[in-house]
Amino acid sequence: MEISAFDAHLLDLPLVEPFAASHGTTTSRTVVAIRLVADGSVGWGECSALPAATYSPESAAGSYRLLTERMLPELLTGSWSAADPDGRLAELGGRWGQAPMAVAAVEMALLDAELTASGVPLANRLGAERARVPAGVSLGLDRPDAVVERAAGLVAEGYRRLKVKIQPGHDRAVLDALLGHPTIAGAEVQLDANGAYGVADIDLLVGLAEAGASALEQPLAPAEVEAAARLVERLAASPGLAVAGRTVPVVADEAVTTIDDADTLADRGALTGVSIKPARVGGLLAARTLHDHCRARDLTATAGGMLETGLGRHALAALAALPGFDLTGDLSPAARWLAADPWPDLTMADGSIEVPSGPGVAPEPDPELLAHHTVEHERRERR
Ligand code: OSB
Ligand code: MG
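Residues numbered from 1 in each chain as written. Chains lettered and ligands numbered in written order. Predicted model: local features only at pLDDT ≥ 70, side-chain atom pairs only at ≥ 80, totals over all residues. Heavy atoms only, no water.

**Student:** Describe the pattern of salt bridges, listing the residues and the values that go with them.
**Tutor:** For the structure shown, the criterion picks out 26 salt bridges. Measuring nitrogen to oxygen at the nearest pair gives 3.4 Å for the salt bridge that ties Lys163 to Asp192. Note that Lys163 is positioned in strand S6 (residues 161–165) and Asp192 in strand S7 (residues 188–192), a separation of 29 residues in sequence. Overall, Lys163 belongs to the buried group, its relative accessible area being 3%. In this structure, Glu378 and Arg380 form a salt bridge, with 3.0 Å as the shortest nitrogen-oxygen distance. Since its relative accessible area comes to 26%, Glu378 is described here as partly exposed. Under the relative-accessibility criterion, Arg380 is labelled partly exposed at 33%. (Salt bridge = Lys/Arg side-chain N within 4 Å of Asp/Glu carboxyl O. Helix = DSSP H or I, 4+ residues; strand = E, 2+ residues; numbered from the N terminus. Buried < 20%, exposed > 50% of the residue type's maximum accessible area, 1.4 Å probe, protein only.)

See below:
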């Protein structure tokens, strides 16, 4: 495809409430969206980098600069395709390997333009096998009673899987309060520490699994490979879990950005699962490849979210419909955290999310909402 024009939007979207994790608190969702006009068809892509470089080295404003100054002008030359027959997108991704979220935005926009032109839904393009996926919802750090109140409301709404943020000092009491609550007790409670624990915390982490947590996401800092291997070993040997017939996966999030990372950690016994986020791994097609790889290696896979807009959430739901996602992922509507969103949202009903079946990645954004929440905009046309 020849790209005749691009638009880049730096958006600032209000949150329903602040979202706190061990790496930092998000108070409004600054996020980048790009629009490409490709052979007369339009494609949108989201760069899901967070407002600040807390979770990863990329930030929304930094990605906006990188996209507008470097990547997008390059798209106005020659021809591009997400199918990448001549390797240009792969070359761009390699060159900007430290900026996978910006690369993922470019790929999503190219995919959207191609799929929209041919009338194919993203889910079909990725090889999805399900029309609905179980919903899952994330809860930020807060006082145990506040987390429990929010969680009870979500379970009453139909969510059967909660992913709760923890950090040292905010862990066992939160889990016990959740699992002891009559409404919540039947739900799956996964814990996500964003790497906040160290080698001295292994007993505590094993205790969380034995107490009923259904997964431990990035419990240890990414560099703590030995400690992660020790944790995996301890969980496998836990008599309590064996008696209950439960396995509690140790799911890598921040620690894995490539298939090589997943392999290295799996070879060292330092993970048993991977949270697959298209933004973190450089795009939807890389996410599918990592999914296939996890499946072949018998690793647990879960589809991970980045507090995306409805656009990114549509993409995530299509990805989550692949058959290897055996652990319920971050599949909730963006309205859980966004008080305003230019894109149509996913909807949760009876604890599940319908996989989008329209052509492309997602429907077009509402132009008025888009304009209203755009804080910076750049448009350029091919010369
Ligand atoms: O660690 O999984 C994470 C959001 C932004 C960055 C990192 C993470 C998260 C979440 C929210 O946990 C998951 C979601 O989008 O539903
Ligand atoms: Mg995580």
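There's plenty left to go through after this.
**Student:** Would you mind going over helix H7 (residues 202–210) in detail, with residue names and values included?
**Tutor:** Looking only at H7, the buried set comprises Ile202, Leu205, Val206, Gly207, Leu208 and Ala209. Lining the buried residues of H7 we find helix H6 (172–179), S7, strand S8 (215–217), helix H8 (225–236) and helix H9 (239–244). Directly after H7, the chain includes Gly212, whose backbone phi takes a positive value near 130°. (Contact = heavy atoms within 4.5 Å.)

**Student:** If you had to explain helix H12 (residues 284–296) to someone new, which residues and values would you point to?
**Tutor:** In this model H12 runs 18 Å from its N-terminal to its C-terminal C-alpha over 13 residues, within 8% of the 18 Å that 1.5 Å per residue would give. Every buried residue of H12 is listed here: Leu284, Leu285, Ala287, Leu290, His291 and Cys294. Among the residues trailing H12, Asp298 stands out with phi positive, at a value near 60°. (Expected span 1.5 Å × (residues − 1).)

**Student:** Any details on the site of ligand 1? Residues and values, ideally.
**Tutor:** Around ligand 1 there are 16 residues in total, and Lys163, Lys165, Asn194, Lys277 and Arg313 lie nearest to it. A distance of 2.7 Å is found between an oxygen atom of ligand 1 and a side-chain nitrogen or oxygen belonging to Lys277. Take Arg313: an N or O atom from its side chain is 2.8 Å from an oxygen atom of ligand 1. Starting from 390 Å² of accessible surface for ligand 1 in isolation, the protein chains cover 100%. (Near = heavy atom within 4 Å. Polar contact = N/O pair within 3.5 Å; in protein donor to acceptor, adjacent residues only side chain to side chain. Areas by Shrake-Rupley, 256 points an atom, 1.4 Å probe, with all protein chains shown as cover.)

**Student:** Describe the coordination of the magnesium ion (ligand 2), and please don't skip the residues or the numbers.
**Tutor:** Expected angles at a metal are 109.5 degrees for tetrahedral coordination by four donors and either 90 or 180 degrees for octahedral coordination by six donors. Around the magnesium ion (ligand 2), the protein supplies Asp192 (OD), Glu217 (OE) and Asp253 (OD) as donor atoms, at distances of 2.0 to 2.3 Å. Along the chain, the residues donating to the magnesium ion (ligand 2) are arranged with the sequence spacing D-x24-E-x35-D. Residue Glu217 is located in strand S8, and its partner Asp253 is located in the loop between strand S9 (250–252) and helix H10 (259–267); the two are separated by 36 residues in the primary sequence. Accessibility expressed as a relative area gives 0% for Asp253, which makes it buried. (Donors = N, O, S within 2.8 Å, 3.2 Å for Na, K, Ca; no water.)

**Student:** Before we move on, could you go through the side chain of Glu308 and cite the residues and values that matter?
**Tutor:** Inspection of the secondary structure assignment puts Glu308 in the loop between strand S11 (300–303) and helix H13 (310–320). Setting aside chain neighbours within four positions, we find Glu308 in contact with Glu46, Ser48, Arg313, Leu316, Ala334, Trp337 and Leu338.

**Student:** Any details on the sheet that holds strand S14 (residues 374–381)? Residues and values, ideally.
**Tutor:** Two strands in a sheet stick together by hydrogen bonds in their backbones, pointing the same way (parallel) or opposite ways (antiparallel). Taken in spatial order, the four strands line up as S3-S2-S1-S14 in an open sheet, and their pairing is antiparallel. With partners counted over all chains shown, the strands left at the sheet margins are strand S3 (41–47) and S14, one partner each. Along the sheet, successive strands turn relative to each other by an average axial angle of 20°, direction set aside. Note: strand S1 (residues 3–21) against S14, seven bridges, orientation antiparallel. (Pairing = 2+ DSSP bridges. Axes fitted to C-alpha atoms, helices over the stretch in contact; angles between N-to-C directions.)

**Student:** Give me the sheet that holds strand S13 (residues 352–354): which residues, what numbers.
**Tutor:** The three strands lie next to each other as S4-S13-S12, forming an open sheet whose pairing is antiparallel. Looking at the sheet topology across the chains shown, the edges are occupied by strand S4 (132–134) and strand S12 (348–349). In this sheet, S13 lies alongside S4 in antiparallel orientation, the contact comprising three bridges. From the neighbouring strand, Arg132 faces S13, where its bridge partner is Glu354.

**Student:** Outline the packing of aromatic side chains, listing residues and values.
**Tutor:** Enumeration according to the criterion identifies one aromatic pair in this entry. Pairing Trp44 with Trp343 gives two aromatic rings, centres 5.4 Å apart and planes at 85°, and the pair type is edge-to-face. Separated by 299 residues along the polypeptide, Trp44 in strand S3 and Trp343 in the loop between H13 and S12 bring together distant segments of the chain. Of the two residues examined, Trp44 and Trp343, each falls in the buried class. (Phe/Tyr/Trp six-rings, centres within 6.5 Å; stacked < 30°, edge-to-face > 60°.)

**Student:** Mind laying out the pairing of strand S10 (residues 273–276), listing which residues take part and the relevant values?
**Tutor:** Burial of S10 is two-sided: the residues Gly273 and Ser275 facing one way and the residues Val274 and Ile276 facing the other way are all buried. Bridge count for S9 against S10 is two bridges, and the pairing is parallel. Of the residues in S10, the one forming a bridge with Ala252 is Val274. With H10 bridging S9 and its parallel neighbour S10, the resulting β-α-β unit is right-handed. Here S10 runs beside S11; their pairing, made up of four bridges, is parallel. Residue pairing for S11: Val274 is matched across the bridge by Ala301. (Right-handed = clockwise from strand over helix to strand, strands pointing away.)

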